[in-house]
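# Architecture at a glance
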Amino acid sequence: MLVTVMRGPRSFTAEDVVEIGAHGGVVAVKRVLETLLAQDGIRLAEPGEFTKRAFLNGRIDLMQAEAVIDLIRSKSDRAFAVAMKQAEGTLSKRIRELRQSLIELLAHVEVNIDYPEHDVAEMTNAYIRERCGKAVEEIEKLLKTAKEGKILREGIVTAIVGRPNVGKSSLLNALTRENKAIVTDIPGTTRDIIEEYVTINGIPLRLLDTAGIRETTDVVERIGVERSRSALEEADLILFVLNGSEPLHEDELELLGKLKDRRMIVIVNKSDLPQQIELEPIKAIVPEESIVRMSVKAEQGLDDLEGAISALFFEGQLESHDLTYVSNVRHITLLKQAQQSLRDAIEATEAGIPIDIIQIDIRNAWEQLGELIGDAVGESLIDQIFSQFCLGK
Ligand code: GDP
Ligand code: ZN
């Protein structure tokens, strides 16, 4: 057994910390825990308690603490890297800079408020418009990353659809390289939606295998069909699988038309067999770069599919990003509020509203941004955030 003492404030929580390294195995750890818990004043940590203490002691800010939750939950290397960046405080740094610029603006306005001459007021208004305009733009940039951030965190919800026997389950298996979905020659045997996570070039996909689009009288199958309909609605990405060795079916063409505005990739499968499918009607609906010929069986075309997916979601630009993403609903809401406050301030300068009223808008923005990093947030919010932890980190 190894006991390490770390004195505050140079520990994770900024408090004195004792770490006990016990020998491997459940029994040894359990013994140590039992012995410790028998002592007065010693109890198990609540979920997230260490991180919460680190936050309350000013060791990390709220965004960084939230990033620790993301780290624990991350489902891909990239999501992990993004959370890691946030934990290091890159996003917080940008928020701090924004707040700093607003404080400087407020100070500037404060100085000029004592000079009620008309031209000073005009100059101050122009200055407010310029500075607030810049801040609005900066926030807009952060909000733009939100969509990608969400994708990286939660995965692209992907529905695989197509008539029975076109190769949906085989594709799912090829992507997961496991055999969790049942593959069979009997049409309509994929009865349920099976969820699976895969990573394509660092992009996490949450794959939903569906029971196919065929109408059926079989009750069990119908439930599957209904479920796959709702899966279709919630999907960010649709992989529409066709059998290239057969002519295109009327219902396939119809569904393709219905889905034409969605992010979709048409997979023309079974390219190892003689081809009978007509591609022209599909090209009339779907852009050519979103049509991928492949043979799941011969393991051909998977690379093309991966390329098509990253083109669709990241315009092939994913690698060049600096991994600073806004990906949290709380953050997005506060950023939007701060942006609105700043827009209100700009509007007010144009409407000739007195400067001391405009100051309130700017102050509001400053406070909303402060809430992001945990300046002046209520206890209930803190409790709510830290209760999301599932581990004693
Ligand atoms: P699903 O009903 O759409 O899920 O289709 P399955 O994945 O169950 O596949 C139906 C049949 O097609 C199985 O016998 C697969 O082995 C076969 N299959 C799937 N992909 C290919 C392919 O690329 N080429 C050929 N020749 N057969 C395939
Ligand atoms: Zn299937």
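Residues numbered from 1 in each chain as written. Chains lettered and ligands numbered in written order. Predicted model: local features only at pLDDT ≥ 70, side-chain atom pairs only at ≥ 80, totals over all residues.

Applied cut-off: UniProt positions are given in the numbering used here, feature names are shortened, and annotations may be inferred rather than shown by experiment.
For the chain, an unreviewed UniProt entry supplies the name tRNA modification GTPase MnmE and the organism Paenibacillus cisolokensis. Its UniProt record gives the chain a comment under Subcellular location (unreviewed entry), which states: "Cytoplasm". Per UniProt, the comment on the chain under Subunit (unreviewed entry) is "Homodimer. Heterotetramer of two MnmE and two MnmG subunits."

### A short note on the overall build of the chain
Threshold: Note on conventions: DSSP H or I runs of at least 4 residues are helices, E runs of at least 2 residues are strands, and numbering of each starts at the N terminus. Whether a residue is buried, exposed or partly exposed is read from the other C-beta atoms within 10 Å of its own C-beta, which are placed from the backbone; 20 or more gives buried, 12 or fewer gives exposed, and intermediate counts give partly exposed. Contact between residues is assigned whenever the C-beta positions, reconstructed from backbone atoms, fall within 7 Å.
A tally of regular secondary structure across the chain gives 14 helices and eight strands. In the chain, which comprises 393 residues, the proportion classed as buried is 34%. At a minimum sequence separation of 6, the contacts of the chain that also span at least 24 residues come to 69%.

### Topic: the packing of helix α2 (residues 49–56) against helix α3 (residues 62–73)
The following threshold applies: Simply put, an axis is a line fit to the C-alpha atoms, just over the touching stretch for a helix, and the angle between two N-to-C directions goes from 0 to 180 degrees. Angles are sorted into four bins: roughly parallel if under 35 degrees, roughly antiparallel if over 145, roughly perpendicular if 65 to 115, and oblique for all others. By convention, the crossing between two helices is left-handed when the near helix turns anticlockwise from the far helix through less than a right angle, and right-handed when the turn is clockwise. For this classification, Asp, Glu, Lys and Arg are treated as charged, while Ala, Val, Leu, Ile, Met, Phe, Trp, Tyr, Cys and Pro are nonpolar and the rest, including Gly, are polar.
Where α2 meets α3, the closest approach of the two axes is 9 Å, and the angle between their N-to-C directions is 170°. When the interaxial angle is binned, α2 and α3 end up roughly antiparallel. α2 and α3 meet at a crossing whose hand is right-handed. Residues T51, A54 and F55 of α2 form the contact with α3, whose own contacting residues are L62, A65 and V68. Split by residue class, the contact of α2 with α3 holds five nonpolar, one polar and no charged.

### Considerations on unusual backbone geometry
Put simply, G8 and P9 share a cis peptide bond, and its omega is 0°. Along the polypeptide, P9 turns up in the loop between β1 (2–6) and β2 (17–21). Although it is not a glycine, N165 adopts a positive phi angle of roughly 75°. Position of N165 relative to the elements: it lies in the loop between β3 (156–161) and α7 (168–176).

### Things to note about the environment of L342
Inspection of the secondary structure puts L342 in helix α12 (residues 329–350). In this structure L342 comes out as buried when scored by C-beta crowding, with 30 C-beta atoms within 10 Å. C-alpha of L342 to C-alpha of A135: the two residues are 207 residues apart in sequence and 7.7 Å apart in space. Excluding anything up to four places from it in sequence, L342 contacts C132, A135, V136 and A365.

### Describing the packing of helix α5 (residues 90–112) against helix α13 (residues 355–373)
Contact pair α5 / α13: the axes reach a minimum separation of 10 Å and the direction vectors enclose 160°. By the angle between their axes, α5 is roughly antiparallel relative to α13. In terms of crossing hand, the pair formed by α5 and α13 is left-handed. Mapping the contact onto sequence places S92, I95, R96, L98, R99, L102, I103, L105, L106 and V109 in α5 and I355, Q359, I362, R363, A365, W366, L369, G370, L372 and I373 in α13. For the contact of α5 with α13, the per-class residue count stands at 14 nonpolar, three polar and three charged.

### Description of the nonpolar core
Heads up, the rule is: Linking buried Ala, Val, Leu, Ile, Met, Phe, Trp, Tyr and Cys residues through C-beta atoms within 7 Å yields a set, and such a set is a nonpolar core.
If you look at the biggest cluster of nonpolar residues, it comprises 38 residues, and the most contacted ones within it are A345 and I362. At the level of secondary structure, the elements contributing two or more residues to this core comprise α2, α3, α4 (77–88), α5, α6 (118–154), α12 and α13. Residues contacting I362, with those up to four places away along its chain left out, are L102, L105, L106, C132 and A345. If you look at the next biggest cluster of nonpolar residues, it comprises 36 residues, including L172, V292, M294 and I309.

### A short note on the pairing of strand β7 (residues 264–269)
Keep this limit in mind: In this description, strands pair whenever DSSP reports at least two bridges between them. By convention, orient the strands away from the viewer: a clockwise path from the first strand over the helix to the second makes the crossover right-handed.
Across the six residues of β7, six count as buried, placing the element largely inside the fold. Summarising the sheet, strand β6 (residues 237–243) and β7 pair through six bridges and their orientation is parallel. In the sheet register, I238 faces β7, and the bridge partner there is M264. This β-α-β element, β6 to helix α9 (residues 250–258) to β7, shows right-handed connectivity. With three bridges connecting them, β7 and strand β8 (residues 291–293) associate as parallel partners. Pairing of V266 across the sheet is with I291, part of β8.

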